[in-house]
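# Overview (structure and organization)
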Amino acid sequence: MMSVRVAAPPAVELKDLPGPLDKAAGGGGGSSGPCAPSAPNPAAAAVAAAPSPPPGEPGPAAGGAAPKAPQASAMKRSDPPPPASAQAHHHHHQQHPPPRLAGDAGGGAGGPLGEALVSPDGTVTEAPRTVKKIQFADQKQEFNKRPTKIGRRSLSRSISQSSTDSYSSAASYTDSSDDETSPRDKQQKNSKGSSDFCVKNIKQAEFGRREIEIAEQEMPALMALRKRAQGEKPLAGAKIVGCTHITAQTAVLMETLGALGAQCRWAACNIYSTLNEVAAALAESGFPVFAWKGESEDDFWWCIDRCVNVEGWQPNMILDDGGDLTHWIYKKYPNMFKKIKGIVEESVTGVHRLYQLSKAGKLCVPAMNVNDSVTKQKFDNLYCCRESILDGLKRTTDMMFGGKQVVVCGYGEVGKGCCAALKAMGSIVYVTEIDPICALQACMDGFRLVKLNEVIRQVDIVITCTGNKNVVTREHLDRMKNSCIVCNMGHSNTEIDVASLRTPELTWERVRSQVDHVIWPDGKRIVLLAEGRLLNLSCSTVPTFVLSITATTQALALIELYNAPEGRYKQDVYLLPKKMDEYVASLHLPTFDAHLTELTDEQAKYLGLNKNGPFKPNYYR
């Protein structure tokens, strides 16, 4: 049976930062396995085929005594859709496709059907109606036409098809006017003359800088950590290679790591989530960043390799989100992998891959499982998704949620957040689950627990958030009603079987950025968002304050692993101690003008706790 380790006491003391952080000793350790640069774990390799999955599903829990202190296509494409003026009045229950709209039309768009006539005696009658037919724009009118010159981006993905008409929609509909030129074909330099980066347009740096400055206001704990750079630099000498979503919040984390003494090189963990202006701002500041919104699959791996394969630069720390970077180094650069001091992973999928390597005895590096820390599970996964699910759906479909029937696959923390938000908006929410405990929670929260097959014909929206694969299969997609919206809130694109939709009999029609109609021969269509990838970061934004909690946890995990004395951490996967979770939480409380109650000596003795914590055992999640 695989053991899960809890991190030992911190190598770097954090007493100079505000918050109830005390010093004490604790234990840590783990079993090690042989490290051979053999072929990677087949199961892990299988997952790596697509840029990775979650938030949502819990990972293994840790036991042991709590330390007293933290460780510091062949697809058909039809003509572009008609103008928005011809897209009104979409009824969800009609059997034949309406004019092209991804969601519901707003009310009040049409004119009167008849006029009321009032007779002298007060009787109200309706005048004869004049029915006016809606005149649709020429179906062949073209606008926002896809570029024909897409260079390297025409390289098919691992799930793409071989038709000469095939192309990746990721290569189109980006937010720049020069879509025809791949960033890989551009020669760009920042104001310092450096060209060690690859972004969409370095000239967007000024706008990205403004977004980063706004994010800083909502990330108090990271800004507190940054003040520490004026004296001690706990990451001096650290060479961190990262693969996460490149957003304004990530930029604050990267610049904080830089202020603490680290050198960083970064790539994106999702082909749609990069904010081009933020990537440009980071490149302008001197960070080697390789990412842009709308990468192809080939671009994705090329960017990761550019981060890693640099002459004269050996990374010693990895910060990953999904495990793609870790797997790439493990498989392509085994000698480099053996020299890594530590890995920090924040996603369900990435943690799953690490446990697979550990179980097979192939994990040569100590790793921190941030995903299962309380500050990630109960904050990022729950509250972030509770707010961002509505934002992503509204931006892409303009739909009204009241009265809609929604099925949410998975009732982990991500599923809980999605269900709570949709229920509050008046939606009728069903839940599917495999875990009896989560299933019982869903029932007691007022949701009906069903099998997907039982409701697939009637629901208006299908949302996956399991971290699993093939949750929604082609059979489910065939049975969906016309105009059903299908999306994913898990980390990767494995939950919805999108590959099965890339067949000659189905027509793909791009409606707007990240919104595709997939049309069946009988005219039925479904609305697929972000090609089955993570909805909120692909199609909208996420709350900065919640990400501050996760980013601070990541930074402290990096500090701890980098400064830990040799032998403290074995070749295993460790959970963060609850003292560190509590410390991260305490750094964010002043934002709410919150005041903690302190235990008396008598109360602390009665509970068997230290007055300053930790207040929860290490197995608590």
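Our structure is the block above this text.
First things first, this report covers the structure right here in the doc. All figures in this text were calculated on a predicted structure; none of them were measured in a lab.

With that settled, consider the packing of helix H6 (residues 297-308) against helix H7 (residues 324-332). Interaxial distance between H6 and H7 falls to 11 Å at its minimum, and their mutual angle equals 65°. Relative to H7, H6 is oriented roughly perpendicular. H6 and H7 meet at a crossing whose hand is right-handed. From H6, Phe 300, Trp 301, Ile 304, Asp 305 and Val 308 reach across to H7, where they touch Asp 324, Leu 325, Trp 328 and Ile 329. Class assignment of the residues belonging to the contact of H6 with H7 gives a composition of seven nonpolar, no polar and two charged.

Moving on, we come to the packing of aromatic side chains. Across all of its chains, the model carries eight aromatic pairs by this definition. Ring plane angle 75° and centroid distance 5.0 Å describe the contact between Tyr 569 and Tyr 574, whose orientation is recorded as edge-to-face. The exposure class assigned to Tyr 574 is buried, which follows from its relative accessible area of 0%. In this structure an aromatic cluster arises from ring pairing among Phe 300, Trp 301 and Trp 328.

With that out of the way, let us pick up the pattern of salt bridges. Here the structure, examined in full by the defined rule, presents 21 salt bridges. With its nearest N and O atoms 2.8 Å apart, the salt bridge here joins Asp 299 to Arg 184. Here the residue Asp 299 occupies a position in helix H6, and Arg 184 occupies one in the loop between strand E4 (124-126) and helix H2 (205-216), the gap between them amounting to 115 residues. Residue classification places Asp 299 among the buried residues on the basis of a relative accessible area of 0%. Several salt bridges share partner residues, and in doing so they unite Glu 297, Arg 502, Arg 510, Asp 516, Glu 531 and Arg 533 into one network.

The next thing to look at is the nonpolar core. The biggest cluster of nonpolar side chains holds 59 residues, and the ones touching the most others in it are Leu 235, Ile 240, Leu 257, Trp 266 and Val 289. If you list the elements that add at least two residues to this core, you get H2, helix H3 (220-227), helix H4 (248-259), strand E6 (263-268), helix H5 (276-284), strand E8 (317-320), helix H16 (544-563) and helix H17 (578-588). A per-element tally of this core places H16 first, with ten residues. Membership of the second largest hydrophobic core comes to 35 residues, among which are Val 241, Cys 303, Leu 363 and Cys 364.

Conventions we followed
- Residues numbered from 1 in each chain as written.
- Predicted model: local features only at pLDDT ≥ 70, side-chain atom pairs only at ≥ 80, totals over all residues.
- Heavy atoms only, no water.
- Axes fitted to C-alpha atoms, helices over the stretch in contact; angles between N-to-C directions.
- Helix = DSSP H or I, 4+ residues; strand = E, 2+ residues; numbered from the N terminus.
- Parallel < 35°, antiparallel > 145°, perpendicular 65-115°, else oblique.
- Left-handed = near helix turned anticlockwise from the far one by under 90°.
- Contact = heavy atoms within 4.5 Å.
- Nonpolar A, V, L, I, M, F, W, Y, C, P; charged D, E, K, R; others polar.
- Phe/Tyr/Trp six-rings, centres within 6.5 Å; stacked < 30°, edge-to-face > 60°.
- Buried < 20%, exposed > 50% of the residue type's maximum accessible area, 1.4 Å probe, protein only.
- Salt bridge = Lys/Arg side-chain N within 4 Å of Asp/Glu carboxyl O.
- Core = buried A, V, L, I, M, F, W, Y, C linked by side-chain atoms within 4.5 Å.

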